[in-house]
Amino acid sequence: MASYTVLCLVSCLVAGAFADLPANYQNLLAVEKQNLLWQNVQSDPHDLNNLPSEGVGSLLLNAIKPPYLLPAFSHISDEMIEGRRKIFHTYGSVAKGRLEFFSNSTFTGIFESGTRDVLIRPSVALLKDDNFIPGLGVKVLIDGSPSVNFHTLFSLDGQGDNRDFFENAMSNVIPDTENPVLIAVTKVFQSALYLLSANWMNRPENPNNMPLYEHASIRADGSPVEKGKVVAPWKIDFVPNKSLSWDPATNKDFRWHFTHDVPSGSVLYDVVLFRTQDSVGQHVGRLISTSPFVASLYGDERLYLQHANNRWCST
Ligand SMILES: *[C@@H]1O[C@H](CO)[C@@H](O)[C@H](O)[C@H]1NC(C)=O
Ligand SMILES: *[C@@H]1O[C@H](CO)[C@@H](O)[C@H](O)[C@H]1NC(C)=O
């Protein structure tokens with residue numbers, strides 16, 4: 001009996017302490033889904049003085065196989081497929097948040113004037129000492145429907161030895177990389193996109209552009225925007241609130257800084273939307289944290305921000 005209990009304890013520990021999402025998870029309200037995910041994020045925080053930093057070098061090889069990358073676009077869930085790991089953006093910090101759009105937003109879907117329930121995940125593309133490559137993920141939860149997610153970066157080439165996360169704006173449209181290794185990865189990424197769909201409208205046009213059309217096609221209450229009425233931004237910029245900047249020469253990990261320096265209720269970013277490739281940006285929203293930031297195993301290995309497929313178009 002006693003040994004059975006021990007066995008059970010061991011297997012329960014191995015199985016992980018995360019609560020399974022309920023079977024009807026996608027049907028829940030946005031705020032309910034936000035809270036369920038947040039409970040799991042908080043359930044197993046990392047020790048901030050002993051943060052994981054193990055490389056994912058062997059996984060990097062997978063990045064040059066298009067079929068491996070495909071599920072990043074085709075898997076629709078707020079959790080990672082069991083057994084898969086994020087190759088890029090492996091390590092991050094997560095907070096609950098509020099994405100607000102002001103009354104002057106003329107965009108549709110989740111960009112309409114009002115407040116959205118989100119999870120915010122700052123991360124680095126790869127954890128490297130000599131080059132800081134920050135990225136920002138935002139999961140927008142939707143009543144009764146799958147989330148839409150933002151994947152934004154300053155640049156694949158990073159910001160060198162400047163380790164201040166709030167130094168640069170993050171965008172869904174980024175410049176071409178100059179790094180030969182990343183150029184190779186980008187090419188394979190492009191091939192993965194071709195596997196997605198035979199219809200070119202149903203796949204992003206290139207790996208440097210994470211399109212926002214799907215975000216503009218559904219409202220936060222789950223109702224679809226009528227065909228022909230969709231007003232989608234070409235580009236979103238998250239422009240940092242400079243008063244949150246920290247020492248660019250810090251020797252602390254960015255995850256330590258998020259927990260220590262960014263309290264709940266911080267206005268993190270101004271949101272600037274660009275209607276077309278040639279438009280001037282419009283400041284029509286902002287992103288606010290509504291909890292402290294937590295670096296955890298769940299946030300790194302289970303929380304999942306699926307990519308959108310449909311490319312931008314003007315209507
Ligand atoms: C930037 O953050 C500071 C500190 O949290 C806050 O006082 C300020 O209002 C924020 N700035 C903007 C433009 O929201
Ligand atoms: C929209 O309204 C906000 C808040 O009133 C203001 O700060 C911003 O400049 C306005 N944006 C545009 C594009 O007019």
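Shown above is the structure to which this text applies.
The secondary structure content of the protein chain amounts to nine helices and eight strands. Of all 315 residues assigned to the protein chain, the portion counted as buried reaches 52%. Restricting to contacts in the protein chain with at least 6 residues of sequence separation, those with at least 24 account for 72%. Put simply, the protein chain shows about 14300 Å² of open surface, and 56% of that area lies on carbon and sulfur atoms.

This part is about the site of ligand 2. Taken together, the residues surrounding ligand 2 are Phe102, Asn104, Gln282 and His283. One of the side-chain N or O atoms of Asn104 is found 2.3 Å from an oxygen atom in ligand 2. His283 is positioned such that a nitrogen or oxygen atom in its backbone is 2.8 Å from a nitrogen atom of ligand 2. Protein coverage of the free-state accessible area of ligand 2, which is 370 Å², stands at 44%. Residues of the shell around ligand 2, tallied by class, amount to one nonpolar, three polar and no charged.

The full set of residues close to ligand 1 is Asn241, Ser243 and Val267. At a separation of 2.3 Å, an oxygen atom of ligand 1 approaches a polar side-chain atom of Asn241. A distance of 3.0 Å separates an oxygen atom of ligand 1 from a polar side-chain atom of Ser243. Taking 360 Å² as the accessible area of ligand 1 by itself, protein coverage stands at 43%.

Criteria and thresholds
All chains use their own residue numbering, which begins from 1 and follows the written sequence. As they are written, the chains are lettered A onward and the ligands numbered 1 onward, keeping that order. For this predicted model, a pLDDT threshold of at least 70 governs which residues receive local features, and a threshold of 80 or more governs which side-chain atom pairs are given and counted, while totals over whole chains, interfaces and linings are taken from all residues. To obtain the side-chain values, all non-hydrogen atoms of the structure were included, while hydrogens and water were left out. Only DSSP runs of H or I reaching four residues or more are called helices, and only runs of E reaching two or more are called strands; each is numbered from the N terminus. Type-normalised accessible area, obtained with a 1.4 Å probe on protein chains alone, sets the label of each residue: buried when under 20%, exposed when over 50%, and partly exposed for intermediate values. Note on definitions: a residue-residue contact is assigned when non-hydrogen atoms from the two residues lie within 4.5 Å. In these tables, accessible area is a Shrake-Rupley quantity obtained with a 1.4 Å probe, and a residue counts as shielded only by the protein chains included in the view. Any residue with a non-hydrogen atom lying within 4 Å of a molecule or strand is treated as near it. Under the rule applied, a polar contact is a pair of N or O atoms within 3.5 Å (in protein, one hydrogen donor and one hydrogen acceptor; residues adjacent in sequence only if both atoms are side-chain atoms). Charged means Asp, Glu, Lys or Arg here, nonpolar means Ala, Val, Leu, Ile, Met, Phe, Trp, Tyr, Cys or Pro, and polar covers whatever is left, Gly included.

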